[in-house]
Amino acid sequence: MPNTPVLVIHGGAWAIPEDMVDAHLRGVRNAIAAGWRVLDAGGTALDAVEQSVVIMEDDDTFDAGRGAFLNREGKVQLDALIMDGATLRAGGVGCVEHLRNPIRAARKILSESPHIYFVAEGAERFAVEHGIPLCKNEDLIIPREVERLREFQSHLAEHEKDLFAPTISHDTVGAVALDCDGNIAAATSTGGTLNKAPGRLGDSSLIGCGCYADNASAAASTTGWGEPIMKLVLAKWSADRVSAGNSPEWVAPEAMNYLQARVQGHGGIILLDARGRFGIAHNTPRMAWAFKTSKEEAAGIER
Ligand code: ASP
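Residues numbered from 1 in each chain as written. Predicted model: local features only at pLDDT ≥ 70, side-chain atom pairs only at ≥ 80, totals over all residues. Heavy atoms only, no water.

Draft legend 1. Fine view of the site of the ligand. Residues in close proximity to the ligand total 13 residues, the closest being Thr172, Arg200, Asp203, Thr223 and Gly224. With respect to the ligand, the side chain of Thr172 contributes an N or O atom lying 2.7 Å from an oxygen atom. Contact between the ligand and Arg200: an oxygen atom at 2.8 Å from a side-chain N or O atom of the residue. Counted by class, the shell around the ligand contains no nonpolar, 9 polar and 4 charged residues. (Near = heavy atom within 4 Å. Polar contact = N/O pair within 3.5 Å; in protein donor to acceptor, adjacent residues only side chain to side chain. Nonpolar A, V, L, I, M, F, W, Y, C, P; charged D, E, K, R; others polar.)

Here it is, written out as structure tokens:
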């Protein structure tokens with residue numbers, strides 16, 4: 001009997017302000033609709049997570065693709081990873097500056113390269129060689145982010161002490177899916193943290209940190225302050241707890257407790273196993289999330 005598909009997504013975990021709630025909810029609902037169309041037509045979990053993430057990269061509400069945070073030199077620098085739970089194949093790009101949809105380049109790496117991870121110019125060259133056009137970095141920059149960086153840099157001393165407070169936006173996007181063949185996949189895409197040093201890579205595109213998928217355990221995508229998440233290899237930590245017999249619903253909040261208790265980190269996670277069980281958790285005031293199964297559909301900003 002074919003499995004019934006499941007799709008879960010997030011659009012970042014932080015103190016989403018009231019005036020941005022509608023845009024976040026609209027964004028995650030659009031992403032669910034796009035990914036679900038793939039699953040509903042019998043498509044793969046891999047295609048579904050890619051499609052959902054593309055929609056959020058294109059939506060300038062989120063810190064991914066166009067509209068992402070600027071680094072301290074005023075440039076957009078993007079990271080993304082996609083992983084296939086059936087084969088453990090993965091594709092990642094880091095520090096790319098001329099790709100509208102880094103997740104598409106990551107997917108090409110997964111499908112067409114013997115390597116797993118490309119950075120900077122090498123990643124962009126790979127993309128071009130595989131039919132993905134480059135854009136100008138300016139095409140990814142929007143006035144809201146120029147203003148956000150200007151404001152941040154003009155109050156640097158104040159921000160320094162709470163540089164990674166949950167009130168500072170963490171709008172990374174991610175998706176996990178189960179398809180009707182029983183395979184799971186995960187994808188995460190980000191512009192990283194505001195005012196980051198050029199070349200800084202966060203958790204989002206690192207295997208096992210911001211993204212992981214293995215049919216034998218779980219698919220996970222995280223968001224939040226990247227450095228603490230990296231220290232705990234949090235996506236893999238969570239998947240391992242699922243393979244040890246715990247439900248994703250239980251593990252997701254446990255991962256947030258661990259993040260807080262061990263390294264004083266904050267963020268959010270979505271976690272899904274190949275039985276279709278899933279968990280959504282965050283230890284920030286809010287996180288944009290949405291899920292859809294054949295029986296149920298919901299979206300929200302608190303969980
Ligand atoms: N985790 C991302 C990073 O540190 C930021 C985010 O989730 O918004 O690069």
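Now that the structure has been shown, the text picks up again.
Draft legend 2. Broad picture of the pattern of salt bridges. Within this structure, the stated rule accounts for 16 salt bridges. Close ionic contact of Glu50 with Arg107 constitutes a salt bridge, the shortest N to O distance being 2.9 Å. Placement of Glu50 in helix 2 (residues 45-58) and of Arg107 in helix 3 (residues 102-112) is noted, with a sequence separation of 57 residues between them. By relative accessible area, Glu50 is classed as buried at 10%. By relative accessible area, which is 17% here, Arg107 ends up buried. The residue Asp139 makes a salt bridge to Arg100 at a minimum N-O spacing of 3.9 Å. In this pair, Asp139 sits in the loop between helix 4 (120-129) and helix 5 (143-154) while Arg100 sits in the loop between strand 3 (90-96) and helix 3, placing the two residues 39 residues apart along the sequence. Classification of Asp139 as partly exposed rests on a relative accessible area of 28%. Linked through salt bridges whose partners overlap, the residues forming this network are Asp47, Glu50, Arg104 and Arg107. (Salt bridge = Lys/Arg side-chain N within 4 Å of Asp/Glu carboxyl O. Helix = DSSP H or I, 4+ residues; strand = E, 2+ residues; numbered from the N terminus. Buried < 20%, exposed > 50% of the residue type's maximum accessible area, 1.4 Å probe, protein only.)

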